[in-house]
Number of protein chains: 2
Amino acid sequence: MKNILVAQSGGPTSAINATVAGIVEMAKISGNINKIYGAKNGIQGVIEESLIELNEILKDTSDVDLLYKTPAAALGSCRLKLNDIDKCENQYEQIIKVLRKYSITYFIYIGGNDSMDTVEKLSRYCKVKNIDDINIIGAPKTIDNDLVETDHCPGFGSAAKYIATTFSELERDCSVYNTQSVTIVEVMGRNAGWLTASSALSRLNGGIGPNLIYLCEKDFNINKFTNDVKEKLKDNNSVIVAISEGIKNSNGQYISDEVQSSVKDVFGHNYIAGAGRVLEEIVRKEIGCKVRSIELNLMQRCAGHIGSKTDLDESKILGMKAFQCANEGNSGVMVGIKRISSNPYKIEFVTTDIKKVANLEKKVPLSWINSNGNDVKKEMIDYLKPLIQGEVSINYKNGIPEYMNLY
Amino acid sequence: MKNILVAQSGGPTSAINATVAGIVEMAKISGNINKIYGAKNGIQGVIEESLIELNEILKDTSDVDLLYKTPAAALGSCRLKLNDIDKCENQYEQIIKVLRKYSITYFIYIGGNDSMDTVEKLSRYCKVKNIDDINIIGAPKTIDNDLVETDHCPGFGSAAKYIATTFSELERDCSVYNTQSVTIVEVMGRNAGWLTASSALSRLNGGIGPNLIYLCEKDFNINKFTNDVKEKLKDNNSVIVAISEGIKNSNGQYISDEVQSSVKDVFGHNYIAGAGRVLEEIVRKEIGCKVRSIELNLMQRCAGHIGSKTDLDESKILGMKAFQCANEGNSGVMVGIKRISSNPYKIEFVTTDIKKVANLEKKVPLSWINSNGNDVKKEMIDYLKPLIQGEVSINYKNGIPEYMNLY
């Protein structure tokens, strides 16, 4: 009988716990697992020996199901990046010591870029040290959808569904008055515009959706933006603009920095507002109509009540696949998704050498952005649409969703 | 056979269209109504003779049902307040001329304070002019929940459910890291704190909810706030604070104005940030831990996908009641809700002379706020809890909610 360890890392998503649910379900089915440990706060919890027994907490199928639909990282998360192996061997020795103490043979780490870096370093350390009885597997998770070697990432589809739904509702709200207005909606994404692009899905049922969409992959020019908005105002009372938080000018400088570098806040600090807020001020000054900026903020990554069933199901299966992968003796790999076709939507679950994944970023192809740089093309819609399909059956209690606490 | 006219005014809500659905359904059942007109953009659309025929658009039960669950004002809205009767009789003459032209005998106006002012003035004008064959009825609607003579207002329950759900999800997101952080969430409400108080409902399933709640009814003191936060950080890694956008100091000055009156933005204008953003800067300076501010912004009033069934059902019945009221020959009244008991939740639908409603504001009783001024008491929870119960069955299509367009 073997013991396994699961941990979560990086920013929370609505689908990250579904992967844990998949691992637990598969481990229970396998019949060769004794204890399923979870580390609190990612690799930090491993180092600090802060473990809980998931098999004790998740006794019934209903517990596992509730965890599946619970947003944010139920095990807690961290931002700790392991030191280079040759620089700080102590850290690795400590991790292996804890894994040995709890007789862990499979360690599955769920997260984004930094987490895959941890999987890569730790599995490399084991190889160097001839430790061949601990299998280390990475499972992808990030709302940013920027991991390579997987068609898309768990967490992204649910965030995209929240964004598409919210834009379809904002469109109705912003158009009720018979006067001109501009609404600028800032979406997460410093370097990858996948989430911002999802705003276009609000058009699927006949809505206009955002009138303008600016992704951080394309240089952003303030004058062009102002002209685009003026142009749209000729035909629309209400103009809605979707922008990535990370839009940059042609020098690679964030728009918020370009405009604000000289502005001091009330305490004399450099004032740091988001790109949306900066563009709001520009529209107010240059166009003069009613203008508002909105940040979707944390809601876009934790709104479990509007999760995508496709996303959560895939996330769960990736957890099962990760377990299976470890159980078959693999180590130093990430499980992922390969798309066979978009319509009908067909995928396969695959594995990749972790070296091909760690520290790389997948951005939106420029060919999926229109030539004006202010909208996305059909290729993007075809890619995104399957990922937001299906609704999760939420357990409502007292009028609000019931979620699972692991500790 | 008679014709009726419906219009919507003020800020959109998730429940305002349910009232229209109730009016249309009841008018169809009554058998004595020929045409059901809707005015675009409220009383503005009446003045400008911009009417649509709802009986043509809402042919089937399924159309009425889709309208019931569609957020924002499907007829469009306006912010127009009628002039005083003695100052500008023209405006009233024009309205009556349009009502006559379309043989309107019942006019139902759905909205908040300003809309009830319109109902009051218009029904008074009719009385003065001995126009006794046009019945004018007000139906309440406001997420602010600040109308008097009704226990609560349609739209509020759905906004409260969104807020409670969002706080329960933010709590999970903000607590994943093992480091200290403060999250300040700004909720709508310039003069009434009902919406901010709803954040406490996130505790119903065992959550901590917001650690601190500040309503705009109580004087806000920045030093006390900073001390409250420091105190909470002793026992909690993640401290979440709910504030009304309209929190004011003991001089009645908005906190945002108190702090920022000297700050200029990049264009030399007085910089206007919300209270949340201002408090974020104060926490950053005075406490120094990780801090973030979030505005729930328009999402809290248009998130139809998480509407309260209790709210939408009551809103629909108020529409039916408004029709019935007009059909029985009443005019110059508002329909409303009287609470019989909270547990079990029992209400009656009532009518009130519009003179008792117009231009008044219902605030949170100070006795429902704790003595420290940083949380709400059990009386508030008992009042709020029934209003967020039940979920609306949303028609999802292509992964996003399907909603109704009237034009």
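What counts as what
- Residues numbered from 1 in each chain as written.
- Chains lettered and ligands numbered in written order.
- Predicted model: local features only at pLDDT ≥ 70, side-chain atom pairs only at ≥ 80, totals over all residues.
- Heavy atoms only, no water.
- Helix = DSSP H or I, 4+ residues; strand = E, 2+ residues; numbered from the N terminus.
- Buried < 20%, exposed > 50% of the residue type's maximum accessible area, 1.4 Å probe, protein only.
- Lys, Arg positive; Asp, Glu negative; His and termini not counted.
- Charge placed at Lys NZ, Arg CZ, Asp CG, Glu CD.
- Least-squares fit on C-alpha atoms with pLDDT ≥ 70 in both.
- Contact = heavy atoms within 4.5 Å.
- pLDDT = per-residue confidence, 0-100.
- Core = buried A, V, L, I, M, F, W, Y, C linked by side-chain atoms within 4.5 Å.
- Axes fitted to C-alpha atoms, helices over the stretch in contact; angles between N-to-C directions.
- Parallel < 35°, antiparallel > 145°, perpendicular 65-115°, else oblique.
- Nonpolar A, V, L, I, M, F, W, Y, C, P; charged D, E, K, R; others polar.
- Salt bridge = Lys/Arg side-chain N within 4 Å of Asp/Glu carboxyl O.
- Pairing = 2+ DSSP bridges.

K.L.:
Tell me about the overall build of chain A, and name the residues and values.
P.N.:
The helix and strand inventory of chain A stands at 14 helices and 13 strands. Judged by the C-alpha coordinates and their principal axes, chain A covers about 70 × 45 × 40 Å. In chain A, which comprises 407 residues, the proportion classed as buried is 63%. Counting 48 positive and 50 negative side-chain charges, chain A places the averaged centre of each group 1 Å from the other.

K.L.:
Go over the relation of the copies chain A and chain B with me, naming the residues and quoting the values.
P.N.:
Between the two copies of the chain lies a rotation about an axis combined with a shift along it. When chain A is fitted to chain B, the best match, at an RMSD of 0.0 Å, comes from turning it 180° and sliding it 0.0 Å along the axis. With respect to symmetry, the two chain copies, as superposed, fit the operation of a two-fold axis. Considering only C-alpha atoms, the residue of chain A closest to the rotation axis is Glu295 of chain A, which sits at 3.7 Å. In this assembly, 99% of the residues forming the interface of chain A have copies in chain B that are likewise at the interface, indicating an isologous arrangement.

K.L.:
Describe in detail the confidence of the model for chain A, supporting the description with residues and values.
P.N.:
Put simply, chain A has an average pLDDT of 95, and 97% of its residues get 70 or more. Among the scores for the predicted complex, ipTM is 0.96 and pTM is 0.97.

K.L.:
Go over the nonpolar core with me, naming the residues and quoting the values.
P.N.:
For soluble globular proteins, the rule of thumb is that nonpolar side chains tend to be buried together. Tyr162, Leu296 and Met380 of chain A together with Tyr162, Leu296 and Met380 of chain B are the most contacted members of the largest nonpolar core, which has 82 residues in total. The residues contacting Leu296 of chain B, other than those within four sequence positions of it, are Met299 of chain A together with Tyr162, Ile163, Thr166, Phe167, Val185, Glu186 and Val187 of chain B.

K.L.:
A description of the packing of helix H1 (residues 16–30) of chain A against helix H4 (residues 61–68) of chain A should follow, citing residues and the corresponding values.
P.N.:
Residues and elements named next belong to chain A. Where H1 contacts H4, the two axes come as close as 7 Å, and the packing angle between them is 155°. On the basis of their axis angle, the class for H1 and H4 is roughly antiparallel. For the pair H1 and H4, contact is made by Asn17, Ala18, Val20, Ala21, Val24 and Glu25 and by Val64, Leu67 and Tyr68, respectively. Looking at the contact of H1 with H4 residue by residue, the classes come out as seven nonpolar, one polar and one charged.

K.L.:
I'd like a description of the pattern of salt bridges, backed by residues and values.
P.N.:
Residue and element names in this part refer to chain A. Inspection of the entire model under this criterion finds 52 salt bridges over all chains. In this structure, Arg100 engages Asp133 in a salt bridge whose closest nitrogen and oxygen atoms are separated by 3.0 Å. Here Asp133 lies in the loop between helix H6 (113–128) and strand S5 (135–140) and Arg100 lies in helix H5 (residues 89–101), a separation of 33 residues in the sequence. Residue classification places Asp133 among the partly exposed residues on the basis of a relative accessible area of 37%. One salt bridge in this structure joins Glu391 and Lys161, with 2.7 Å as the shortest N-O distance.

K.L.:
Tell me about the pairing of strand S1 (residues 2–8) of chain A, and please be specific about residues and values.
P.N.:
Residue and element names in this part refer to chain A. Here S1 lies mainly inside the structure; six of its seven residues are buried. Judged from the five bridges that link them, S1 and strand S2 (residues 33–39) form a sheet pairing that is parallel. For Leu5, the partnering residue across the bridge sits in S2 and is Tyr37. As judged from the six bridges shared by S1 and strand S4 (residues 104–111), these two strands associate in the parallel manner. Paired with Leu5 across the two strands is Phe107, which belongs to S4.

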